[in-house]
Amino acid sequence: MEKIIEELPLEALPGQFWGAVRIYTEKPHIINRRICGTVNLWIGISHEVFSRQNVVKSLEDKVFLHNFVDEVDKCKRTPANIYQDENLSECDINIHDAIDVETPSSSTNNILDQDKDFEPELKQIDVIKDVLFKEGFRSIQEKSDLWCNKIVSQDKTKEVDEDDNCKEQSEAQLPKTTLVKNRQLKIPWQDLLDVNTLRIAVIRRILPKVLKKFTPLLEVVLMDGKEMCVSYLAATSTITPSVIPRVNYSFFFTKTGISLSYFTDKDGSSLEGETNIVWVQKNVLPKLMKWTGEVDEDGTVENKGSLRLVDVQEYNQLYQKLKIKYGQSLVKIWPESTDPQKYVFEDIAIATYLILVWEQERKQKGLSTHQTFVDLGCGNGLLVHILSSEGHQGLGIDIKKRNIWDMFPEHTKLKEGVVEPSDKNLFPQYDWLIGNHSDELTPWLPVIAAKSRYTTRFFVIPCCAHDFDCRYRRKCAGRSQYSDYLEYIKEIGTVCGFEVWQDKLRIPSTKRVCLIGQERTYSASQSHQTFQKIDEFIRERTHTGMNNTENQKNVNSWESHGHKKSEHENHTDALWSENFKARAAVQPVRNCTQLEHGVREDLVSTVAKMLMEKKHIIQVEVSKTAFVNWDRGGRMTLSDIAKRMESNQLSALKKECGGLQTLLRNHKHIFNILQREVSLQVPVPEWKATVPKTRIKTKHCWFHINHVKGCPLPSQTCIYAHGDEDLKKS
């Protein structure tokens with residue numbers, strides 16, 4: 001039985017409701033953080049009335065009670081190509097096993113052809129399709145084929161190729177969204193708006209983020225254009241934790257608003273108090289209401305999210321595969337001091353995106369070989385390794401070698417060196433230039449790509465704002481520094497003759513916008529004029545421009561399409577900008593920790609004396625039953641403290657990136673900073689402290705030595721040592 005549990009009032013049009021449903025259906029990960037995406041496995045349409053209750057009952061009887069449950073639970077963690085290498089992360093393996101799971105020729109072309117190896121799920125899908133078939137649903141592909149046959153049979157006298165005729169006429173008369181191409185099944189949302197008798201059924205796989213904890217599940221989505229209703233039915237029962245609510249629920253659009261209903265258990269018991277339906281009620285329903293009010297009246301949904309230039313379904317599938325293939329095994333042996341959970345999976349996500357962009361490019365341009373690349377500022381080299389292992393030959397260059405480089409196999413080409421914008425750093429033998437947080441090289445990426453070869457493309461993720469030879473200064477006060485810098489890099493790409501595309505990646509970083517220069521806006525014969533525009537633009541931004549006129553002639557002379565520079569051509573080593581300075585291989589530590597001990601102690605003492613000029617008596621808990629009065633001192637803003645400091649103290653702080661605030665935060669056991677106001681900390685007794693036991697009594701108590709009233713806590717309860725005899729022996 002279906003029961004309505006809540007209805008929220010809303011004035012909206014049907015198109016807006018379906019637009020909101022589209023957002024939730026295509027991007028459930030926006031609300032459900034356990035999910036990384038979905039894959040549509042089958043789509044059926046019907047104009048007949050069907051019973052949602054019958055579908056739910058049939059799914060329970062034919063799917064849940066069948067032993068598919070056990071089979072799928074056993075197999076779903078390693079379905080076909082996507083999950084085939086998970087066992088590698090569960091056992092002890094050496095580094096070459098961990099990062100060289102497959103040879104460089106390992107193909108990602110068949111990432112969608114996984115069904116043949118995943119028999120339990122295929123059987124389960126067949127049973128679900130049989131249930132939907134009995135309710136009148138027919139596959140979109142089947143409908144398209146029937147349409148083709150009908151057209152051909154009505155015009156047998158025309159001597160045309162049957163396949164071409166079907167394709168041409170079906171594409172012209174059927175909505176494009178109903179055509180199945182390359183197995184990328186798209187829900188015909190526009191048809192749902194145009195034909196109110198249309199019903200749509202979708203069988204899809206829900207992909208979890210954490211594969212060790214959750215298994216991929218099947219879900220059936222039913223959309224009824226006549227009843228203005230959408231239902232989400234769990235088509236898989238599993239003993240492991242579920243990534244989707246364990247309840248079948250529906251949303252109805254009525255004249256007064258949107259209502260949420262659910263299907264009760266077989267015994268008619270209520271689920272209202274259970275976690276699953278409450279989660280839907282508190283999380284999904286309000287979002288659906290919000291989106292309905294924001295979507296255009298015609299149901300148009302503008303894609304402002306991530307992954308706009310690639311197919312999200314393909315991305316989710318390939319990301320899952322690469323995550324298992326490279327992820328956990330690399331995290332286990334990560335030799336760098338950086339966080340592997342961030343950097344490993346970030347590079348896997350970037351590699352996934354690039355592989356799909358390049359796959360699209362090969363299809364569009366009819367390329368038979370995998371693209372080659374150079375990663376400028378490759379850092380740990382993991383992105384180079386993944387792309388090389390997936391069949392793309394490339395080179396990574398960075399100013400400093402990393403520990404993990406020696407652990408990569410031979411096909412991962414990495415080079416230690418400085419890349420400066422000049423003739424000697426052109427890369428005509430490679431197809432793509434990559435700049436992943438490439439710092440001072442970021443604005444030069446489009447320039448180097450433009451001058452390397454007419455067919456060279458670039459991919460860049462801007463991060464720190466650098467201009468050609470200095471820090472970037474914001475041009476538009478109405479935008480944030482980051483947004484303004486993105487527009488500037490796009491401007492450079494445009495000047496270099498690229499049609500610049502922008503997209504947002506799914507990576508654990510606040511700077512996750514990428515810019516792609518793939519297509520040129522000029523012909524190869526116009527290269528000379530384009531290079532002149534580039535040089536003039538650089539000259540205006542740097543006031544120096546290109547250093548050598550003859551060098552420009554050398555660069556511009558090889559402008560024919562696809563021409564590569566000869567090794568014997570003469571080029572100067574002069575920089576394109578005299579003031580360009582590559583960052584040092586070893587970056588100085590500038591977080592106030594490198595200040596001389598005497599200078600640091602003097603600064604701390606000066607600030608403490610300023611705060612103690614005012615009295616503020618508070619009560620400090622010294623035992624669980626006793627308090628003492630103690631003078632905490634006053635409060636001062638950071639700016640007021642800075643105004644009263646000596647010039648030599650300020651000059652010492654100016655050498656440090658964080659300045660005064662960083663210094664005080666480094667001494668958080670002494671100072672408290674709240675909303676840019678500084679005060680002394682209140683000593684906390686041992687039973688309230690959050691520091692590890694191993695750190696107790698390992699340092700001298702600053703208040704015991706320096707405060708005019710000493711430390712308010714007795715030695716036995718203070719977490720710091722009151723004298724040398726109180727120090728813990730190491």
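See the structure shown above.
Because the structure is predicted, anything quoted here is derived from the model rather than measured.

Asks: Would you mind going over the nonpolar core in detail, with residue names and values included?
Replies: Tyr353, Leu387 and Phe459 are the most contacted members of the largest nonpolar core, which has 40 residues in total. Among the secondary structure elements, those contributing two or more residues to this core are α10 (312-332), α11 (340-365), α12 (382-389), β12 (432-436), β13 (457-461) and β15 (513-520). Of all the elements, α11 adds the most residues to this core, at 12 residues. In terms of nonpolar packing, the next biggest core, distinct from the first, is built from 39 residues, Phe253, Ile277, Val280 and Trp291 among them.

Asks: How would you sum up empty space enclosed by the protein? Please name residues and give values.
Replies: In this structure the tally under the stated criterion is two cavities of 30 Å³ or more. Taken as a whole, the largest cavity encloses approximately 90 Å³ of empty space. Lining the largest cavity, in full, are Tyr24, Pro28, Asn32, Ile35, Arg204, Ile206, Glu219, Tyr232, Ile244, Pro245, Tyr249 and Trp279. Among the residues making up the lining of the largest cavity, the classes are represented as nine nonpolar, one polar and two charged.

Asks: Please set out the packing of α10 against α12 residue by residue, giving values where relevant.
Replies: Two numbers describe how α10 lies on α12: the axes approach to 12 Å, and their chain directions differ by 140°. The angle between the axes of α10 and α12 places the two elements in the oblique class. Crossing angle aside, the handedness with which α10 passes α12 is right-handed. Here Leu322, Tyr326 and Leu330 of α10 come into contact with α12, specifically with Leu382, His385, Ile386 and Ser389.

Asks: Give me the lowdown on the pairing of strand β2 (residues 35-46), citing residues and values where you can.
Replies: Two faces belong to every sheet, and in a regular strand the side chains alternate between them. The buried fraction of β2 is high, at 11 of 12 residues. In the sheet, β2 pairs with strand β4 (residues 199-208) via 10 bridges, with the strands oriented antiparallel. The residue bridging isoleucine 43 from the neighbouring strand is valine 202, located in β4. The sheet contact formed by β2 and strand β3 (residues 138-139) spans two bridges and is antiparallel. Note on β3: the bridge partner recorded for isoleucine 45 is arginine 138.

Asks: Give me the lowdown on the environment of glutamine 661, citing residues and values where you can.
Replies: Tracing the chain through its elements places glutamine 661 in helix α20 (residues 659-665). On the basis of relative accessible area, glutamine 661 is assigned to the partly exposed category, the value being 25%. Sequence separation between glutamine 661 and serine 639 is 22 residues; the distance between their C-alpha atoms is 9.9 Å. When sequence neighbours within four positions are dropped, the list of residues in contact with glutamine 661 reads Leu638, Ile673 and Arg676.

Criteria and cut-off values
Residues numbered from 1 in each chain as written. Predicted model: local features only at pLDDT ≥ 70, side-chain atom pairs only at ≥ 80, totals over all residues. Heavy atoms only, no water. Core = buried A, V, L, I, M, F, W, Y, C linked by side-chain atoms within 4.5 Å. Buried < 20%, exposed > 50% of the residue type's maximum accessible area, 1.4 Å probe, protein only. Helix = DSSP H or I, 4+ residues; strand = E, 2+ residues; numbered from the N terminus. 1 Å grid on protein atoms, 1.4 Å probe; cavity = no way out; pocket = protein on both sides within 12 Å on 5 of 7 lines; lining within 4 Å. Points joined across faces, edges and corners; volume = space filled by probe spheres on them. Nonpolar A, V, L, I, M, F, W, Y, C, P; charged D, E, K, R; others polar. Axes fitted to C-alpha atoms, helices over the stretch in contact; angles between N-to-C directions. Parallel < 35°, antiparallel > 145°, perpendicular 65-115°, else oblique. Left-handed = near helix turned anticlockwise from the far one by under 90°. Contact = heavy atoms within 4.5 Å. Pairing = 2+ DSSP bridges.

No statement about biological role is implied by the geometric values presented.
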